[in-house]
Amino acid sequence: MKKWLKFLLVAGGIGLLAGLALLYWIFNKPHRDVSKEKGIQLTSQQLFEAFRKDEAVANGLYLDKAIEISGTVAEVSTNQEGQKVVNFSTDDPFFTINCTFKTDPGNLQPGDSIVFKGICTGYIPDASVVINEGVLIK
């Protein structure tokens, strides 16, 4: 067997093993537990105003951070994965703060005042701020 062919086979094998090890590490790393993190405390209206005023600044302040939101429930639904989703109301009837619960929060109704903590994952312009992995605080 030629020397360069052996080299390619060994290099390919090492590359394959490294790729498999990286995949294993990515899929088995521990997930964030937002219930143990200190959240940035805001009302749903304050979070809405921050994103409406300047999305880039708000992303710098809140994106991928634990956010603790207090506000009034506008709507309660269930997503395709069976998780509870709560939309907090704001002063704009077309804009909500969309919060997905990691664990079932129990019986929530529109009009309830709650405190929710989760990870801010983004902003959908003219629609909502999205927060995931949430837990009910009170």
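Please read all numbers here as calculations on a predicted model, not as lab measurements.

Caption draft 1: Representation of unusual backbone geometry within the structure. Phi at Asp64 is positive, roughly 65°, even though this residue is not glycine. With a phi angle near 60°, Glu133 is a residue other than glycine that sits in the positive phi range.

Caption draft 2: A look at the environment of Gln46. Along the polypeptide, Gln46 turns up in helix α2 (residues 44–53). Distance from Gln46 to Ser70, taken between C-alpha atoms, is 9.8 Å for residues 24 residues apart in sequence.

Caption draft 3: Structural detail: the packing of aromatic side chains. Tallied over the entire structure, the rule returns six aromatic pairs. Residues Phe48 and Phe95 carry aromatic rings whose centres are separated by 4.4 Å and whose planes lie at 45° to one another, so their mutual orientation is tilted. With Phe48 in helix α2 and Phe95 in the loop between β3 (84–88) and β4 (96–101), the pair connects residues that are 47 residues apart, well separated along the chain. Residue classification places Phe95 among the buried positions, given a relative accessible area of 4%. With 4.8 Å between their ring centres and 85° between their planes, Phe101 and Phe116 make a pair best called edge-to-face. With Phe101 in strand β4 and Phe116 in strand β5 (residues 113–124), the pair connects residues that are 15 residues apart, well separated along the chain. Across this residue pair, the class does not change: Phe101 and Phe116 are buried. One aromatic cluster is present, formed by Phe48, Phe51, Tyr62, Phe95 and Tyr123 through successive ring pairs.

The rules behind each value
- Residues numbered from 1 in each chain as written.
- Predicted model: local features only at pLDDT ≥ 70, side-chain atom pairs only at ≥ 80, totals over all residues.
- Heavy atoms only, no water.
- Helix = DSSP H or I, 4+ residues; strand = E, 2+ residues; numbered from the N terminus.
- Phe/Tyr/Trp six-rings, centres within 6.5 Å; stacked < 30°, edge-to-face > 60°.
- Buried < 20%, exposed > 50% of the residue type's maximum accessible area, 1.4 Å probe, protein only.

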